[in-house]
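Each chain, letter by letter, is given below.
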Amino acid sequence: YRQWYSSNRDLVMTANPHLKAPQAIDLAIATELLKISDDHNDVGRILSQSDMAQSWRKTLSENEAQTQIYQYANQTYQQAKEFLQQEIEQERQQQPVEPMQL
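Everything numeric here is computed off the predicted structure, so don't read it as measured data.

Q: Any chance you could break down the overall build of the protein for me, citing the residues and the numbers?
A: A tally of regular secondary structure across the protein gives five helices and zero strands. Scanning the protein from its N terminus toward the C terminus, one meets helices and strands in the order α-α-α-α-α. Its C-alpha atoms give the protein a radius of gyration of 17 Å, clearly above 13 Å, the size a compact globule of 102 residues would have. Out of the 102 residues belonging to the protein, those deemed buried represent 32%.

Q: Talk me through helix 2 (residues 22-36); I want residue IDs and the actual numbers.
A: The end-to-end C-alpha distance of helix 2 is 22 Å, a good match for the 21 Å that 15 residues give at a rise of 1.5 Å each. Turning to helix 2, its buried residues are Ile25, Asp26, Ala28, Ile29, Ala30, Thr31, Leu33 and Leu34. Against the buried residues of helix 2 lie helix 1 (2-15), helix 3 (40-47), helix 4 (51-59) and helix 5 (62-94).

Q: Describe the packing of aromatic side chains, and please don't skip the residues or the numbers.
A: For the coordinates displayed, the defined rule picks out one aromatic pair. With a centroid separation of 5.1 Å and 80° between ring planes, the pair formed by tryptophan 56 and tyrosine 72 is classed as edge-to-face. Of this pair, tryptophan 56 sits in helix 4 while tyrosine 72 sits in helix 5; the two residues are 16 residues apart in sequence, bridging distant segments of the chain. Judged on exposure class, the residue tryptophan 56 and its partner tyrosine 72 are both buried.

Cut-off values and rules
Residues numbered from 1 in each chain as written. Predicted model: local features only at pLDDT ≥ 70, side-chain atom pairs only at ≥ 80, totals over all residues. Heavy atoms only, no water. Helix = DSSP H or I, 4+ residues; strand = E, 2+ residues; numbered from the N terminus. Rg over C-alpha atoms; globule rule 2.2 N^0.38 Å. Buried < 20%, exposed > 50% of the residue type's maximum accessible area, 1.4 Å probe, protein only. Expected span 1.5 Å × (residues − 1). Contact = heavy atoms within 4.5 Å. Phe/Tyr/Trp six-rings, centres within 6.5 Å; stacked < 30°, edge-to-face > 60°.

Next up, the structure:
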């Protein structure tokens, strides 16, 4: 999962050079992942390998790190899901309405 996270982090950063904050990068990764899988566990597995998670593992106790990572993954999943729903809604609103055929 770390390799998947790292390669996608690099892709996100290349496509969006303005993204600097790790949280913004992780949100972009989670959003892209939700486009292929709506599984909360997939997002959790990937974000458990994020740079943020790696940092927490180095600075917090094992229990504290696990709790922080779990909360972070849940929060990021929810934000990504909301962002994706907004994106879908915007696309729907921009699509022209086709005339009814009789």
